[in-house]
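Now for the letters of each chain:
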Amino acid sequence: MTVMAKPAALIARDVGWRQVLGLGQTELGFWADVRGVQLEQLKRHLPFNVTLLAVNLAMVLANFGSAVPFSALAPWLAGMAGMCVIWTVRSVGSRRIDKVPAASRLRFWKVNAEIGAFALFWGGLISTLLPVLSGTEQAILLMISLLFLGAAGHAVMVMPAGALLLCAITAGAMVHAIPAGAPLDRPLVALGLFSFAMIIMRSALVTTFHTMARLRSEAELTDQGEVVRLLLNEYEANGSDWLLELDAAGQLTHVTTRFADVARRRRADMLGQPLLALLDPAQGGATMAALAHAIKTRQPFRDLVVPVPLGRDLRWWALSGTPKQDATGMFTGFRGVGRDVTEVRRSQERIAQLARFDPLTGLANRSLFREQLEVVAERAELSHKPAALLFVDLDRFKAVNDGFGHAAGDLLLRQVAQRLQALVKGPGQSGATIARLGGDEFAVLLPDGSGTSAEKLAVRIVKDMARPFPLGEEGRAGAAIVGASVGWALAPADGETPEALLKAADLALYRVKEQGRGSALRFSADMAEAAAERRRLEGELALALERDQLSLAFQPVVDAADERITGFEALLRWNHPELGQISPLRFIPLAEDTGLIVPIGHWVIEQALLWAARWPDHIRIAVNLSALQMEDDELPGRIARALRRHGVPAQRLELEITESLFLAEKPGVVDVLKQLTALGINFALDDFGTGYSALGTLQKASFSRIKIDRSFVRRATAMGDEASAIIQAIVRMAASLDMQTTAEGTETRAAFELCRDLGCTQIQGFLFGKPMPPEEATALVVQSVAA
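Conventions we followed
- Residues numbered from 1 in each chain as written.
- Predicted model: local features only at pLDDT ≥ 70, side-chain atom pairs only at ≥ 80, totals over all residues.
- Heavy atoms only, no water.
- Helix = DSSP H or I, 4+ residues; strand = E, 2+ residues; numbered from the N terminus.
- Buried < 20%, exposed > 50% of the residue type's maximum accessible area, 1.4 Å probe, protein only.
- Expected span 1.5 Å × (residues − 1).
- Pairing = 2+ DSSP bridges.
- pLDDT = per-residue confidence, 0-100.
- Contact = heavy atoms within 4.5 Å.
- Phe/Tyr/Trp six-rings, centres within 6.5 Å; stacked < 30°, edge-to-face > 60°.
- Lys NZ or Arg CZ within 6 Å of the ring centre and 35° of its normal.
- Salt bridge = Lys/Arg side-chain N within 4 Å of Asp/Glu carboxyl O.
- Core = buried A, V, L, I, M, F, W, Y, C linked by side-chain atoms within 4.5 Å.
- Axes fitted to C-alpha atoms, helices over the stretch in contact; angles between N-to-C directions.

In this structure, the amide linkage connecting Ala 491 to the following residue, Pro 492, adopts the cis form with an omega of 5°. Phi is positive for His 384, close to 60°, though the residue is something other than glycine. Topologically, His 384 is positioned in the loop between helix H12 (366-383) and strand S6 (387-394). Residue His 384 is classed as exposed on the basis of its relative accessible area of 64%. Positive phi, normally seen in glycine, also occurs at Glu 563, with a value near 65°. When its relative accessible area of 29% is taken as the criterion, Glu 563 is described as partly exposed.

Given below as C-alpha cells:
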C-alpha cells in the first residue's frame, strides 16, 4: 500500500496490496479468520441493500419495462432475482454467533464471483434498456444505476476484489450502453462515471486495509497476552515472589497459591481481607504508614518492606503495586508483586550490628562510641552536670597472646567485656556506654559523673581486672593475670568538646602507664607537661625523613585460588638511632596530629611506586592513607605525577583507608576521592568490623576491596562457627557490591584454607610472608614469577 492509502499509524505487518485483494493469503490461520470477518460483514449489509435494490428495480420496470420486449429483459432479471434469493436465504438461515468462523479461499472467491455475476446481470439490464430510451429517460436510468453502484459498493466495501468487479462491469456497461450522438454521449459523463467508480474502489481498498490492520493488531495483542499469561504462570510456579491484586478499598481480590503458602493461610480466608490486616502495625512504623497512604491516595508503591506476624515468627515482605483502571479509566484497585525478604533483612541487621558493635565482645565499637561521646559531651556542657570518660587499657594482654595464643586472647577480651558490663550496671549508671576501641583498649562513658561515681568505678575496674582470668574450658589452659590501667576525665571540667575530653582521658591513661600501670588516675593539668616528651618525639619525627630514618617494608598479598603473589602492602617503619625501632602505632598518630603525615605520605607513595615499577605489571602495591592526607587537595596531582614518573599504571595502585576518613564528612575529602577515582586508582576499606568501619561507608567511595580484620581470621576455626559466618557474610556482601575481599592475619595453613573456602579472594599474613625490605620483596616476586 502507498502512504496515501495506508497511514503510518495503521501500518500492520504482512498486510500489502496482494493480501488486501485476497491474494497471497494462506488457507488457514490468521488469513482464514480475516476472510471470515469479511464475509460476515458482507452478510450484515445484504438485507438492507437487497431490499433497496428490489424497490429500485421494480420502479425501473414499471417506468421503462415496456420499452423493450420482456423476453429481452428476462435473462437479466432472472439472474438478479436468483442471486437475491440465494443471498437472502443465506443471510436469514445463518445464526447469530459469538465468534466469526474462518473461511476458506474457495468460499471467499466464490462470493467474489457472485458479486461479479450480479454486476454482469445489472449491466446487461442497463445495456438492454438504455439505447431505446429518450434522453431524459436515459439520464434517469443512469442516475438509478449510479444509486445501484453506490449501494452495492457500500455492501461489498470489505471485499476489494468483488468491489473492483462490480465497479468495472457496472461502469463499463453504463458507458457502453449510451448511444452514439445521444445527449449523454459526452466525455465528461464518462469521466464522471469512472470517477465515481474509482471512489468506490479506493474506499473499498482503504476500508479493507484498515480492517485487516485492526485484525492483525488484535491477533498480535492476543498472542502477547497469551505469552504474558504463560510467563506469569511460570513466574508464579518457579519464582520466589508472588502476585497480588487489591480492590479500590485495599482488599485482596486475587490470591495465588504461592501467596497463600507464604502467608500460611487458606486462599479462601484471604480473599476479601484487607492487605493491611496481614501486617504488624506495632513494628511497621513509617513504612506501613507509607503503604496505607499509598493505598488511600491511589498512588503506586515500590519495595515497601513491612512486618508480617506469622504465629511466633515475624517475617518481612517487600511489596510493590501499581494502580489499575477499567476500560472507562475508573480506578479499580492495585496490581502488584510481593516477596519475602526476611533473610535479607536479617543479614542487613547482622551487618549493621557488625558495623556498630565489636563482633568479638558485643560492645559498642569506635563508631558508635564516637556518636555517644558527642551527645554526652554536648549535654554536659549545656547542663553543667559532669559526665565521665574512662579509658581502660589492659596491661599485659600481649603476653597472653604470645603465651597462650590468639584464641586465649580473644577469650580474655570477652571476659573483660563481661566484667565491665557487670561493674557498670551499678546504681546511677543508666545509659552508660562501654566500647572496645580496638585491640586491648576499652572505654566507659558515663552520662552521670557527679560526686565520686567515676572515681569509684575506675578503682573497681582496676581491682576487678587484677583478678585472674580463666582461659580455656573450665580453666584447663590455665589462668592469666593481666591487670588494667584506667585514665579518666570529666566533662566539661577537663574537656568541653569530645576531642578535648578524649585527649584528657588519654593523657591520664598515659600517665598511669608511665607510673607503672595497674592504677587509675584522673586528668590533671600537670599531665600536659608530660606531653612535652611526646612533643620531643614529634620533633624527632619531623627530622626523620631528611635524616633517612624512615623506610618501607612490604608484606605480600596472595591470590586465594593459586597462592600466587598479586601484590604487596607498603608498611612504614622508623628506625631511630637512639630509640631504635619505633612502633607505627606510636609514631603514626604523632604524624597525623602534627600534619607530618602529609609529607611522609608523599614520600611513602614515591618509594612504593619506585619499587612497584621494578615488579611485573600484575603485581599491585597497596598504600595506607590517613584522613589528613585525604584532606590535601594536592594529593591527586602528586599521585598522578608519581605514577607517570615511575611508569606505573594507576590500576596497580590501591589506597587503603578507614572509616575515620569520613567521620568529619568534609567536602574536600569527597573532592579528593572523586579525583583519585577518576585517575583509575583502586580503594580498599581497611579494618572492617573493628570499630573503624560502618556499612554506610561502602556507599561513600568506590571501594574495590574490603579487608577483613585479622581478629575474624584468628577466631574462625571451622566452617559454621560465628567468626566464619561473619567472614562469609562480609564476603557475600562484598560480592554483591562487586568488591573483592582480603583476609588479614592469616598465619596457619588451616586458617588460609578456611578463608579460601569461605570465599575470600586474597590472603595476607605471616603464612605467606612477614613485612620485608623492598629488596627481599623484589626477589620474592622474581622467584614467584619464575615458578
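Its 15 residues place the ends of helix H11 (residues 342-356) 21 Å apart at the C-alpha level, agreeing with the 21 Å of an ideal helix rising 1.5 Å per residue. Buried within H11 are the following residues: Thr 342, Ile 351, Leu 354 and Ala 355.

Time to look at the pairing of strand S18 (residues 682-688). Burial of S18 is extensive: six of the seven residues sit out of reach of the surface. As judged from the four bridges shared by strand S17 (residues 653-657) and S18, these two strands associate in the parallel manner. Residue pairing in the sheet places Glu 656 in a bridge with Ala 684 of S18. By the bridge criterion, four bridges tie S18 to strand S19 (residues 703-708) in an arrangement that is parallel.

Residues at a pLDDT of 70 or more form 89% of the chain, whose mean pLDDT is 83. This model gives residues 1-12 a pLDDT under 50, and the stretch forms 21 contacts once residues within four places in sequence are excluded.

This next bit is on the packing of aromatic side chains. Scanning all chains against the criterion turns up ten aromatic pairs. Between Phe 301 and Phe 334, the aromatic rings sit 5.5 Å apart at their centres with planes inclined by 50°, giving tilted as the arrangement. With Phe 301 in strand S3 (residues 301-310) and Phe 334 in strand S5 (residues 331-340), this pair connects stretches of sequence that are 33 residues apart. The exposure classification of Phe 301 matches that of Phe 334, with both residues buried. Measuring from ring centre to ring centre gives 5.4 Å for Phe 554 and Trp 615, while their planes differ by 85°; the resulting arrangement is edge-to-face. Of this pair, Phe 554 sits in strand S13 (residues 550-559) while Trp 615 sits in the loop between helix H19 (597-612) and strand S16 (620-624); the two residues are 61 residues apart in sequence, bridging distant segments of the chain. Assessed through its relative accessible area of 0%, Phe 554 is described here as buried. Taken together, Trp 242, Phe 259 and Trp 317 form an aromatic cluster joined through their ring pairs. Lying across the ring of Phe 469, Arg 419 places its NZ or CZ 3.7 Å from the centre. Over the aromatic face of Phe 766 sits the side chain of Lys 770, whose NZ or CZ is 5.4 Å from the ring centroid.

What follows deals with the pattern of salt bridges. Should the charged atoms of two oppositely charged side chains come close, the side chains can pair. Under the defined criterion, the tally for this structure stands at 32 salt bridges. The salt bridge partner of Arg 266 is Asp 269, with a shortest N-O separation of 3.0 Å. On the basis of relative accessible area, Asp 269 is assigned to the partly exposed category, the value being 43%. The closest approach of N and O atoms between Arg 436 and Asp 358, which form a salt bridge, is 3.0 Å. Pair noted here: Arg 436 is in strand S7 (residues 433-438) and Asp 358 is in the loop between H11 and H12, with a separation of 78 residues, a long-range link. Accessibility expressed as a relative area gives 7% for Arg 436, which makes it buried. Look at Asp 358 and you get buried, because its relative accessible area is 5%. Sharing partners across several salt bridges, the network here consists of Arg 264, Asp 313, Arg 315, Asp 340, Glu 343 and Arg 346.

Residues Trp 615 and Ile 621 are the most contacted members of the largest nonpolar core, which totals 80 residues. Per-element tally for this core: the top contributor is H19, with ten residues. Setting aside its immediate chain neighbours within four residues, Trp 615 contacts Phe 554, Phe 568, Ile 621, Arg 652, Ala 777, Thr 778 and Val 781. Cys 84, Phe 108, Leu 129 and Ile 144 belong to the second-largest nonpolar core, a separate cluster that totals 52 residues.

Taken together, the five strands give an open sheet; going across it, the order is S7-S8-S6-S11-S12, and neighbouring strands pair in mixed fashion. The open sheet is flanked by S7 and strand S12 (520-522), the only strands paired with a single partner. For this sheet the average axis-to-axis angle between neighbouring strands, irrespective of direction, equals 20°. Bridge count between S7 and strand S8 (residues 441-446): five bridges; the pairing is antiparallel. Directly across from Ile 434, in S8, lies its bridge partner Val 444. Most of the contacts of H12 go to S8, to which it runs at about 30°, and overall it touches S6, S7, S8 and strand S11 (484-491). Lying over the sheet, helix H15 (residues 453-465) contacts S6, S8, S11 and S12, oriented at roughly 170° with respect to S11.

It is worth spelling out the sheet that holds strand S1 (residues 241-246) at this point. What the five strands build is an open sheet, ordered S2-S1-S5-S4-S3; its pairing is antiparallel. Strands at the two margins of the open sheet, each flanked by one partner only, are strand S2 (252-255) and S3. Ignoring strand direction, the axes of neighbouring strands in this sheet form an average angle of 30°. Where strand S4 (residues 313-325) lies against S5, nine bridges are found, and the strand directions are antiparallel. Opposite Ser 320, over in S5, you have Val 337 as the bridge partner. Across the sheet, helix H10 (residues 281-297) lies against S1, S3, S4 and S5, angled at about 125° from S3, the strand it touches most. Across the sheet, H11 touches S3, S4 and S5, and the angle it forms with S4 is around 120°.

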